[in-house]
Amino acid sequence: MRLLISFLLFIIASLDCVSQPTITGKITDQQGNSLPGASIYILNTLDGVSANSEGTYTLVTFEKGNQVVVVSSIGYESINRSIILENKIYTLNLKLKEAVGELDEVVISAGTIEATNDRKVAVLRPLDIVTTAGAAGDIIGAIQTLPGTTRVGEQTGLFVRGGDASEANVIIDGMVVQNFFTSDVPGIAQRSRFSPFQFKGTSFSSGGYSVRYGQALSSVLELSTNDLPAKSNVNVGLNMSGLFGSVAKVFGKNSLEVTGSYINVAPFYNLASTNFDFYKAPEGVSGSMRWVHKNGDKSLFKLLVSHGGFSSGTEIPDINNASQRFRFGIKNSNTYSNASYLQNINSKLYSFSAVSFGRNVDDINFGATPSKTEEWRLQGRTELGFEINNNLQLLSGAEWQRFSVKRNFDTFNSGFDEKQTSIYTELEWKPSRKFGVKSGLRGEHSDLLNQFAISPRISAAYKVGKQSQVSIASGVFYQNPNNRYLLANKLASFQRAIHYIANYQWITDKQTFRVEGYYKSYDRLVRELNEPFNPNAFRFISGDIDNSGNGFAQGIDVFWRDRKLVENLDYWVSYSWVDTQRLFENFTTRATPTFISDHNLNVIAKYFVEPLKVNIAATYTFATGRPYYNPNSAEFLNDRVPHFENISLNISYVTTIRKVFAVFYAGVDNVTNRKNIFGYRYSTDGVQRFPIEPALYRSVFVGMSSSLSAFNRDEL
């Protein structure tokens, strides 16, 4: 009787198993070695599993009919297999081919953290950005969790290794974006204008970057837009501050994408207590069109055209009379276009050409005083890449750009027009899989300054183990004086910085460790002569200037990311220490600038609760107090605000509704409602002091987005 019952239970279990499509098998490499942790999932669904320690798997799904099974493993080329699913068991054993030139080959990386969808070592992907608590889906908000950066909540821009916002350039498909951020509003750091889902990868260089780029003393953030989509799709989203949508149509070798968005934070601010009085809450409309043509591996053409406008108005207290306020209102119009063409002439030679144009107009009212700033930039680039042999690659190119800034303030008019021409060449040599060196030379000429400069740069790396290597880099970098001096017709020479960098990194398929030390010397910085210090960034420049300024920045950056310790847990820790002083602008003596925190710590954690399809994320940020100017202090910039501390949480629910991929999310920034302060402003007589506060101490944000497009389950 017992034997009969056992047999019946076995039959029932077997029938239950085959009542759903089931796929089983083993994943190995080309030599037959098992690949534990390989990901197996059904495209455009949430159904997927990971291979066990022996490389075997069992995937049970409710999906039926024509489906695509995707198998991937970091370090190997992904495989797609079409299959017609019915209520039965399928056996699918697959061998993955090792991706050429990754991990086992040295990668020259000093100063640079790269992340692209097709590289094994991806540090920040698009979904990393939008699921990072506290980043609010902003590219720069997520980049600021990486080592080498400093959060400066009251100023717009990217602050890297002791440099101010003007020392970092943002690049899209090889071209400088002159107005990457939304236009400045006093005391409020602005977001970037672009969505992270527009880009397939990032390369963040906190120093020692390639000779392809110049005019940035500290850093370059390089963004690469998506190629031809795999299929047509529709995306829509709604949140507390607006809505957005996009439609992409793929036909043959071409795709056309149209996007649009509307933002109005009035409903959000009506529910929150703000530290700024908005008589007009920020409101804006934007749209873009994108065309991609891809001819297999032979050529790739991309065209992006975007336009947007926004307006806002705040009441700002008069520092000399606490009972008085004046209104700051801004209306902005921004246009950006970028076209690039990549041609693989043959297996050894390729060409790349690009052109971009951007125009930005700000109409501003300071109380009763009108002001208008109009700026535009036209840039072109062409380059050739030649693989001389398997160990030697040569890159040569040239770029030309012309940009103009004009400003009217009441009856005062100013402006400048600049033309820059650059040529560069770079040679990368890898005599073995363990050693590589890259050296380059860049020459650039400024028409406005009537000056030519040559920038030599070199970097090298050596693998000390299968997953570890050491790298070094050094180079010379030049940059024009700040626009405020050029607008005042105060012309000086190029400013200069010299970088020295050394790092060690250890990388496996699910873990990354990097430690990097650097020293950066500044010279030829612009100084205002015989002028008292004035902390007002909008001050008029009336005195003489020269290039007698100097300074230094030194520090250590540490980064650790782990996706192995606990299944479905992804976390990273970044720490930066920076020691910097400079004598520049209207500083009276060498000092640490107000945008510097000596110590910065970020801890980011994400956990995906697979049975519930819920992603939980948390971010902890700590920064030591920044200097501020106290006119009553005997020492210049010696006073410091209290340390900055912030905890952010968000939760998102991932689901599919009739094959529509949807995410519902909610987040809380500054959970503890800590009263962080960025600095202080003083009245002219030094008696009254006003704290510089964030727009909000604590905020709650909810929204949803949905997509008909395919997505990679691993990115969740």
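Residues numbered from 1 in each chain as written. Predicted model: local features only at pLDDT ≥ 70, side-chain atom pairs only at ≥ 80, totals over all residues. Heavy atoms only, no water.

**A short note on the packing of aromatic side chains**
Applied cut-off: Stacked, edge-to-face and tilted are the three classes for Phe, Tyr and Trp ring pairs, Trp counted by its six-membered ring, which pair at centre distances within 6.5 Å; planes under 30 degrees apart are stacked, over 60 edge-to-face, the rest tilted. What counts as a helix is a DSSP run of H or I of at least four residues, what counts as a strand is a run of E of at least two, and both are numbered from the N terminus. Only protein chains enter the accessibility calculation, which uses a 1.4 Å probe; a residue is then buried when its area is under 20% of its type maximum, exposed when over 50%, and partly exposed in between. Placement of a positive charge over a ring is assigned whenever Lys NZ or Arg CZ falls within 6 Å of the ring centre and within 35 degrees of the normal to the ring plane.
Tallied over the full model, the rule gives 26 aromatic pairs. Plain terms: the ring middles of Phe533 and Phe636 are 4.9 Å apart, the flat faces sit at 80 degrees to each other, and that makes the pair edge-to-face. With Phe533 in the loop between β30 (511-528) and β31 (545-562) and Phe636 in the loop between β35 (627-628) and β36 (639-640), the pair connects residues that are 103 residues apart, well separated along the chain. The same class applies to Phe533 as to Phe636, namely buried. Ring pairing ties together the aromatic residues Phe180, Phe181, Phe194, Phe199 and Tyr336, which thus form one cluster. The ring centre of Phe403 lies 4.2 Å from the NZ or CZ of Arg377, which sits over that ring. Its guanidinium or amino end placed over the ring of Tyr680, Arg689 lies 3.8 Å from that ring's centre, counting from NZ or CZ.

**A closer look at a nonpolar patch on the surface**
Applicable threshold: Nonpolar side chains (Val, Leu, Ile, Met, Phe, Trp, Tyr) are joined into patches within 5 Å and like charges within 9 Å, using only residues with over 30% relative accessible area and no salt bridge. To be clear on the numbers: accessible area is Shrake-Rupley with a 1.4 Å probe, and residue cover counts the displayed protein chains and nothing else. Salt bridge, as used here: a side-chain nitrogen of Lys or Arg that lies within 4 Å of a carboxyl oxygen of Asp or Glu.
Residues Leu565, Val566, Tyr607, Ile616 and Ile651 make up a contiguous nonpolar surface patch of roughly 430 Å² in combined accessible area. By secondary structure assignment, the location of Tyr607 is in strand β33 (residues 599-609). Residue Tyr607 is classed as partly exposed on the basis of its relative accessible area of 33%.

**Some remarks on the environment of Asn676**
So the rule is basically this: We call two residues in contact when some of their heavy atoms are within 4.5 Å. As used in this structure description, the phrase polar contact means that two N or O atoms lie within 3.5 Å; if the pair is within protein, one of them must be able to donate a hydrogen and the other to accept it, and residues adjacent in sequence are counted only when both atoms belong to side chains.
Tracing the sequence through the fold places Asn676 in the loop between β38 (660-669) and β39 (679-682). For the pair Asn676 and Glu154, spaced 522 residues apart in sequence, the C-alpha to C-alpha distance is 11 Å. Here Asn676 is in contact with His643, Phe644, Glu645, Asn670, Glu693, Pro694 and Tyr697, once residues within four sequence places are set aside. Of the polar contacts made by the side chain of Asn676, one reaches the backbone oxygen of Glu645; its length is 2.9 Å. Side-chain polar atoms of Asn676 contact the side chain of Arg674, separated by 2.9 Å.

**Side note on the nonpolar core**
Worth spelling out the cut-off: Only buried residues count toward a nonpolar core, which is a set of Ala, Val, Leu, Ile, Met, Phe, Trp, Tyr and Cys residues joined through side-chain atoms within 4.5 Å.
Judged by nonpolar contacts, the single largest core of 25 residues is most densely connected at Leu158, Phe180, Phe194, Leu221 and Leu223. For this core, the elements supplying multiple residues, two or more each, are α3 (139-143), β12 (168-172), β14 (199-205), β15 (219-225) and β22 (349-366). Not counting the four nearest positions on each side in its chain, Leu223 is found in contact with Ile139, Val170, Ile171, Ile172, Asp173, Phe180, Phe199, Gly201 and Thr202. Listed in part, the 18 residues of the second largest apolar core include Tyr57, Ile83, Tyr90 and Leu94.

**Describing the domain arrangement of the protein chain**
As a reminder of what qualifies: Throughout, the edges of the domains are those of an automatic or database domain assignment.
According to the domain assignment, the protein chain contains domain 1 (2-96) and domain 2 (104-715). Averaged C-alpha coordinates put domain 1 and domain 2 at centres separated by 42 Å.

**What about the confidence of the model for the protein chain?**
Our working rule: Per-residue confidence from the predictor is reported as pLDDT, a score between 0 and 100.
Averaged over all residues, the pLDDT of the protein chain equals 86, while 91% of them reach at least 70. In the model, residues 115-122 has pLDDT below 50 throughout and makes 28 contacts with residues more than four positions away in sequence or in other chains.

**Some details on unusual backbone geometry**
In this model, Arg161 sits at a positive phi of 45 degrees, which is unusual for a non-glycine residue. With respect to the secondary-structure elements, Arg161 resides in the loop between β11 (159-160) and β12. Of note, the phi angle at Leu637 is positive, near 55 degrees, even though the residue is not glycine. Structurally, Leu637 can be placed in the loop between β35 and β36.

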